[in-house]
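# Geometric and topological summary
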Amino acid sequence: MTEDLDRLGRDVREFVAATGVVARCDSWMRGFDQEFSRAVGKRGWIGMTWPRRYGGGERSNEARLVVTEELLRAGAPVAAHWTADRQIGPAILRYGSEELRAEFLPAICRGDVVFCLGLSETEAGSDLAAVRTRAVAVDGGWEITGAKLWTTSAHHATHAYVLARTGTGDSKHQGLTEFLVDMDNPGITVRPILDLVGEHHFNEMLLDRVFVPERRVIGTVGAGWSQVTEQLAFERGGVERFLSTYPLLAAMVGCARRSPDRAAVERIGALAARLTALRRLGYEIAAALDAGEAPVRQAAESKLLGTHFEKDVVEVARYVLDVCDGDADAFALLADGIAAVPAGSIRGGSSEIMRTVISRAEAGR
Ligand SMILES: Cc1cc2nc3c(=O)[nH]c(=O)nc-3n(C[C@H](O)[C@H](O)[C@H](O)COP(=O)(O)OP(=O)(O)OC[C@H]3O[C@@H](n4cnc5c(N)ncnc54)[C@H](O)[C@@H]3O)c2cc1C
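Residues numbered from 1 in each chain as written. Predicted model: local features only at pLDDT ≥ 70, side-chain atom pairs only at ≥ 80, totals over all residues. Heavy atoms only, no water.

### Describing the overall build of the protein
Formally: Helical segments are the DSSP runs of H or I of at least four residues, strand segments are the runs of E of at least two, and each set is numbered from the N terminus. Throughout, radius of gyration means the C-alpha value; the globule benchmark is 2.2 Å times the number of residues raised to the power 0.38. Buried residues are those whose accessible area, probed at 1.4 Å on protein chains only, stays under 20% of the maximum for their type, while exposed residues exceed 50% and partly exposed ones sit between those limits. Contacts: residue pairs with any heavy atoms within 4.5 Å of one another.
Within the protein, the secondary structure is distributed over 13 helices and 8 strands. At 20 Å, the protein has a C-alpha radius of gyration in line with the 21 Å of a compact globule built from 365 residues. With the C-alpha coordinates of the protein rotated into their principal frame, the extents come out at 70 × 45 × 40 Å. Per-residue burial for the protein yields a buried fraction of 53% across its 365 residues. Expressed as a percentage of contacts within the protein between residues at least 6 apart in sequence, the contacts between residues at least 24 apart total 75%.

Following this line, the structure appears as structure tokens:
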């Protein structure tokens, strides 16, 4: 790593330490704090790779990776800007009109807008091409009606990304369109869904004839499928897929230092070796993005392996905290981890789907 990136990592660590963040596992979903996100934005760490004229920093994806790694390692509350920074901004940058870019990208960089993702529905999760939410052309725009499910942070969001059917086509992959929708539209109802420990992170989002002006279409009407496929690589390829439980791993190391146990040290060492390989993959993905490629296969590999790694972190922590006298903070992180990891093999695409993506890419399809 270059000196410049080393310094960047140090800056982020100092920033996080100064804010007195209490570390959480899965902080990119569970840690919602818009003021924290605004402070991150002020430092220039949202939209880091985007052009300066839209508020970005024109930095490399590698530099962005340094920042995201440090924020996740600290378990910092980054949920308010995570989705917009990771995938909505890049989608707008790639396919959005100049008007859309000017409206949203600087606001995302400041941490002023919060996006939720309206992709999944009752009959469309793994198979997104089956979405039934429909947008009908009306004077000046579109009217969207449908029901989205598992919409993380919809109760906090200022805007939603919504994938809807605008036409019929020869195949179900045709006739899909991407929209940006204001959450204060009167046709939107958000109903909470509680997770297995009773926390409220995701929702059902109902849309009843929600008017969306024409300028809020991302890219080409009917070309939503190919556009969203690329967006999913951004969603899956990030280091959050294996660093969600890093605070727990760090806590284990602390406990094993204070109360050494041979088996505990060996198990932590095995996890550290796997983490090193996953980090390497993370940096390869960033380099591919910097080279203008869409690393769809590597992103699926990272998510698949990362998900299994995170489950093992929690399993090893059960043992280590027990034999190495874990303290209350470490057990709180374990509780977080136990609640978070079951979702890993489902959200952002299930492990079975990741295997399909990888094998198709290998077969050149
Ligand atoms: C914590 C969490 C947060 C989420 N946040 C959001 C969000 O913000 N926005 C959003 O839109 N969605 C969100 N989701 C939804 C998530 O993307 C879907 O749950 C996921 O894509 C799987 O879809 P599904 O639940 O409909 O399962 P299904 O597609 O019904 O799959 C059920 C099972 O069948 C298997 N399966 C399905 N098809 C195949 C196949 N072709 N080959 C092999 N196996 C198959 C799957 O692997 C899975 O095991 C979230 C989910 C979770 C758990």
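After that view, the rundown keeps rolling.
### Concerning the side chain of Gln227
Operational definition: Under the rule applied, a polar contact is a pair of N or O atoms within 3.5 Å (in protein, one hydrogen donor and one hydrogen acceptor; residues adjacent in sequence only if both atoms are side-chain atoms).
Relative to the elements of secondary structure, Gln227 occurs in helix α7 (residues 224-236). Reaching out from Gln227, the side chain makes a polar contact with the side chain of Glu178 at a distance of 2.5 Å.

### Brief notes about the domain arrangement of the protein
The following threshold applies: Domain ranges listed in this record stem from an automatic or a database domain assignment. Computed with a 1.4 Å rolling probe, the buried area is the accessible surface lost when two parts are put together, summed over both parts. Salt bridge, as applied in this entry: a Lys or Arg side-chain nitrogen positioned within 4 Å of an Asp or Glu carboxyl oxygen.
According to the domain assignment, the protein consists of domain 1 (3-113), domain 2 (116-223) and domain 3 (237-362). Look at where the C-alpha atoms of domain 1 and domain 3 centre, and you get two points 21 Å apart. Taken together, both faces of the contact between domain 1 and domain 3 bury some 1,900 Å²; the carbon and sulfur share is 58%. On inspection of domain 1 and its partner domain 3, the count reaches 4 salt bridges. Across the salt bridge formed by Arg86 and Glu240, the nearest N and O atoms sit 2.7 Å from each other. Taken together, the connections running from domain 1 to domain 3 amount to 12 residue pairs in polar contact (both at pLDDT 80 or more).

### Let's talk about the site of the ligand
Operational definition: When at least one non-hydrogen atom of a residue lies within 4 Å of a molecule or strand, that residue is treated as near it. Note on areas: Shrake-Rupley with a 1.4 Å probe; residue coverage comes only from the protein chains shown. When residues are sorted by character, Ala, Val, Leu, Ile, Met, Phe, Trp, Tyr, Cys and Pro go into the nonpolar class, Asp, Glu, Lys and Arg into the charged class, and all the rest, Gly among them, into the polar class.
Neighbouring the ligand are 18 residues, the closest being Ser120, Ser126, Trp150, Ser350 and Glu352. Between Trp150 and the ligand, the recorded distance is 2.9 Å, taken from a backbone N or O atom to a nitrogen atom. One nitrogen or oxygen atom from the side chain of Ser350 is found 2.5 Å from an oxygen atom belonging to the ligand. Taking 970 Å² as the accessible area of the ligand by itself, protein coverage stands at 64%. Split into classes, the residues belonging to the shell around the ligand amount to 9 nonpolar, 7 polar and 2 charged. Taken domain by domain, the makeup of the shell around the ligand includes at least three residues from each of domain 2 (116-223) and domain 3 (237-362).

### A short note on α7
What counts here: To estimate how far a helix should reach, multiply one less than its number of residues by 1.5 Å.
The end-to-end C-alpha distance of α7 is 18 Å, a good match for the 18 Å that 13 residues give at a rise of 1.5 Å each. Within α7 the residues assigned to the buried category are Gly224, Gln227, Val228, Glu230, Gln231, Leu232, Ala233, Glu235 and Arg236.

### Brief notes about the side chain of Thr133
With respect to the helices, strands and loops of the structure, Thr133 is situated in the loop between β1 (115-118) and β2 (134-138). A distance of 2.8 Å separates the side chain of Thr133 from the side chain of Glu121, its partner in a polar contact.

### Remarks on the packing of helix α9 (residues 246-258) against helix α10 (residues 262-290)
Counted only if it meets this: Axes here refer to lines fitted to C-alpha atoms; in helices the fit is confined to the stretch in contact. Angles between the N-to-C directions go from 0 to 180 degrees. Helix crossings get a hand from a simple test, with the near helix turned counterclockwise from the far one by less than a right angle marking a left-handed crossing and a clockwise turn marking a right-handed one.
The geometry of α9 relative to α10 is characterised by a closest axis approach of 11 Å and an angle of 145° between their N-to-C directions. Where α9 crosses over α10, the two elements pack in a sense that is left-handed. Contacts between α9 and α10 pair Tyr246, Leu249, Met252, Val253 and Ala256 from the former with Ile268, Leu271 and Leu275 from the latter. Among the residues forming the contact of α9 with α10, the class breakdown is 8 nonpolar, no polar and no charged.

### Some thoughts on helix α12 (residues 328-340)
The periodicity of an α-helix, 3.6 residues per turn, causes residues three or four positions apart to be oriented the same way. An ideal rise of 1.5 Å per residue puts 18 Å on 13 residues; α12 measures up with 18 Å between its terminal C-alpha atoms. Every buried residue of α12 is listed here: Ala330, Leu333, Leu334, Asp336, Gly337, Ala339 and Ala340. On its buried face, α12 sits against α2 (27-30), α9 and α11 (296-323).

### Notes on the pattern of salt bridges
One side chain can pair with another of opposite charge once the charged atoms of both are near each other. Taken as a whole and judged by the stated rule, the model has 31 salt bridges. A salt bridge links Arg64 to Asp85; the nearest nitrogen and oxygen atoms lie 3.1 Å apart. Here the residue Arg64 occupies a position in helix α4 (residues 61-73), and Asp85 occupies one in helix α5 (residues 79-95), the gap between them amounting to 21 residues. With respect to class, Arg64 is no different from Asp85; both count as buried. The closest approach of N and O atoms between Asp327 and Arg258, which form a salt bridge, is 3.4 Å.

### Structural notes on the packing of aromatic side chains
Threshold: Only the six-membered ring of Trp is used, alongside the rings of Phe and Tyr, when aromatic pairs are assigned; centres must lie within 6.5 Å, and planes under 30 degrees apart are stacked while those over 60 apart are edge-to-face, with the rest tilted. We call a charge positioned over a ring when the NZ of a Lys or the CZ of an Arg lies within 6 Å of the ring centre and within 35 degrees of the ring normal.
Counting across every chain of the model gives 5 aromatic pairs. Aromatic pair Trp142 and Phe179: ring centres 5.9 Å apart, planes at 65°, arrangement edge-to-face. Remark: Phe179 occurs in strand β5 (residues 176-182) and Trp142 occurs in strand β3 (residues 141-148); sequence separation between them is 37 residues. Assessed through its relative accessible area of 9%, Trp142 is described here as buried. An aromatic cluster is built from Phe15, Phe36 and Trp45, whose rings are joined through pairwise contacts. The residue whose ring lies beneath Arg267 is Tyr319, and the NZ or CZ to ring-centre distance is 4.1 Å.

### Side note on the pairing of β5
Counted only if it meets this: For two strands to pair, DSSP has to find at least two bridges joining them.
The element β5 is largely enclosed, with a buried count of 6 among its 7 residues. Bridge count between β5 and strand β8 (residues 217-218): 2 bridges; the pairing is antiparallel. Looking at β8, one finds that Phe179 is bridged to Val217.

### So, unusual backbone geometry
Positioned with a positive phi, Arg209 is a non-glycine residue whose angle comes to about 50°. With respect to the helices and strands, the residue Arg209 is situated in strand β7 (residues 200-213). Positive phi, normally seen in glycine, also occurs at Asp325, with a value near 50°. As for its placement among the helices and strands, Asp325 is situated in the loop between α11 and α12. For Asp325, a relative accessible area of 57% translates into the label exposed.

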